[in-house]
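Overview (structure and organization)
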Amino acid sequence: MSAQTPSRRVTPLDIRARKGRDGIDAPLVCLTAYTTPVARLADGECDIVLVGDSVGMVLHGMASTLEVTLEMMILHGRAVARGLEKALFVVDMPFGTYEEDPGQAFRNAARLMRETGCHAVKLEGGQHMAETIRFLVQRGVPVMGHVGLTPQGVNVFGGYRVQGRGPDAARILADAEAVAAAGAFAIVIEKVPERLAAEITRAVPVPTIGIGASAACDGQILVIDDMLGLFTAFRPKFVRRFAELGAEAAQAVAAYARAVRAREFPGPEHVFGDEAGR
Ligand code: KIV
């Protein structure tokens, strides 16, 4: 947890307040988590832990996040809740659970909060979601926004390309401004050029949290399996692997297989005798 983070549970208001008139006091540290042990690892170091709908691709082998259901988010949310004490706990609203109208969004956000204990939800979209974000915030649901590349729109975008390199930059800036004006306490900016990320970060009064959006943002978020080297199906340019756990795990599995085939595992130290204590 960063030096500025209080030892009690971080709240959406704390995150919002970290950005003053001169910008952020220190970059916000955010990661995804989908399980209790990983949430425990992240809790001590992160300001925000997000149960991202990336869970569908990372843990369930789905081709995109579009198949992720509210029930999956609740299951993983409940697991993460057991591992968190300090970080702000945010859960993603999956595709098809909030876009229809503010009422649908409120019902599903309330269910996520009630059944996982999360303190905020994240939803994708800019100007067209502003009314929904305002509706949720006014009714007690803190919202984290998400603009730029919004992966639930992959079929409209035609892939996971960098957004905002052309005339759509102005629209993405307007998206972020609309989301902030609607009451979001922070905004994820995904996969946009550094210049646009810096412009958005200057323009909005709430913290921006970048993923593939440069150090110009007020904080960073990564998918934890990406930065641990556990998710190896593909590697986005914006990911730094801080460990190679996937390669290490593969070596461990191969070593186990060799040991079993050679009847070298289990060894005498793993075996129970007839008498108690052996
Ligand atoms: O689903 C996710 O994990 C996300 C973040 C990485 C921003 O939306």
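In short, a report on the structure. These figures come from a predicted structure and were not determined experimentally.

Definitions and cut-offs
Residues numbered from 1 in each chain as written. Predicted model: local features only at pLDDT ≥ 70, side-chain atom pairs only at ≥ 80, totals over all residues. Heavy atoms only, no water. Buried < 20%, exposed > 50% of the residue type's maximum accessible area, 1.4 Å probe, protein only. Helix = DSSP H or I, 4+ residues; strand = E, 2+ residues; numbered from the N terminus. Pairing = 2+ DSSP bridges. Right-handed = clockwise from strand over helix to strand, strands pointing away. Contact = heavy atoms within 4.5 Å. Patch = residues over 30% accessible without salt bridge, like charges linked within 9 Å, V, L, I, M, F, W, Y side chains within 5 Å. Areas by Shrake-Rupley, 256 points an atom, 1.4 Å probe, with all protein chains shown as cover. Salt bridge = Lys/Arg side-chain N within 4 Å of Asp/Glu carboxyl O. Lys, Arg positive; Asp, Glu negative; His and termini not counted. Charge placed at Lys NZ, Arg CZ, Asp CG, Glu CD. Near = heavy atom within 4 Å. Polar contact = N/O pair within 3.5 Å; in protein donor to acceptor, adjacent residues only side chain to side chain. 1 Å grid on protein atoms, 1.4 Å probe; cavity = no way out; pocket = protein on both sides within 12 Å on 5 of 7 lines; lining within 4 Å. Sits in = over half its atoms within 2 Å of the grid points. Points joined across faces, edges and corners; volume = space filled by probe spheres on them. Nonpolar A, V, L, I, M, F, W, Y, C, P; charged D, E, K, R; others polar.

For strand E3 (residues 28-32), the tally of buried residues reaches four of five residues, placing the bulk of the element in the interior. Bridge count for E3 against strand E10 (residues 219-222) is four bridges, and the pairing is parallel. Within the sheet, the bridge partner assigned to Val-29 lies in E10 and is Gln-220. Bridge count between E3 and strand E4 (residues 48-51): three bridges; the pairing is parallel. Looking at E4, one finds that Thr-32 is bridged to Leu-50. For the crossover that starts at E3, traverses helix H2 (residues 36-43) and ends in the parallel E4, the hand is right-handed.

What follows concerns the environment of Tyr-160. Relative to the helices and strands, Tyr-160 is located in the loop between helix H7 (154-157) and helix H8 (168-181). On the basis of relative accessibility, which here comes to 31%, the residue Tyr-160 falls in the partly exposed class. Setting aside chain neighbours within four positions, we find Tyr-160 in contact with Met-57, Ala-63, Ser-64, Leu-149, Pro-151, Val-154 and Lys-191.

What follows deals with a negative patch on the surface. Taken together, Glu-99, Glu-100, Asp-101 and Glu-131 make up a surface patch of like negative charges. Along the chain, Glu-131 turns up in helix H6 (residues 130-138). On the accessibility criterion, Glu-131 (58% relative accessible area) is exposed.

All residues in the neighbourhood of the ligand are listed as Thr-32, Leu-50, Gly-52, Asp-53, Ser-54, Asp-92, Lys-122, His-146, Val-188, Ile-211, Ile-221 and Val-223. Contact distances for the ligand include 2.9 Å between an oxygen atom and a side-chain N or O atom of Asp-53. Taking Asp-92, its side chain carries an N or O atom lying 3.2 Å from an oxygen atom of the ligand. A total of 260 Å² of accessible area belongs to the ligand in isolation, and the protein chains cover 95% of it. Among the cavities detected, the one that contains the ligand is the second largest pocket.

As a volume, the largest pocket reaches approximately 660 Å³. Surrounding the largest pocket, 25 residues form its lining, Gly-212, Ala-213, Ser-214, Gln-220 and Phe-238 being those nearest its centre. When residues of the lining of the largest pocket are assigned to their parent elements, the largest contribution, four residues, is made by E3. Here the lining of the largest pocket is built from residues that sort into 17 nonpolar, three polar and five charged. As a volume, the second largest pocket reaches approximately 470 Å³. If you go around the second largest pocket, you meet 27 residues; those closest to its centre are Ser-54, Pro-151, Glu-190, Ile-211 and Val-223. At the level of secondary structure, the elements contributing two or more residues to the lining of the second largest pocket comprise helix H3 (55-58), strand E8 (186-190) and E10. Considering only residue class, the lining of the second largest pocket consists of 15 nonpolar, five polar and seven charged.

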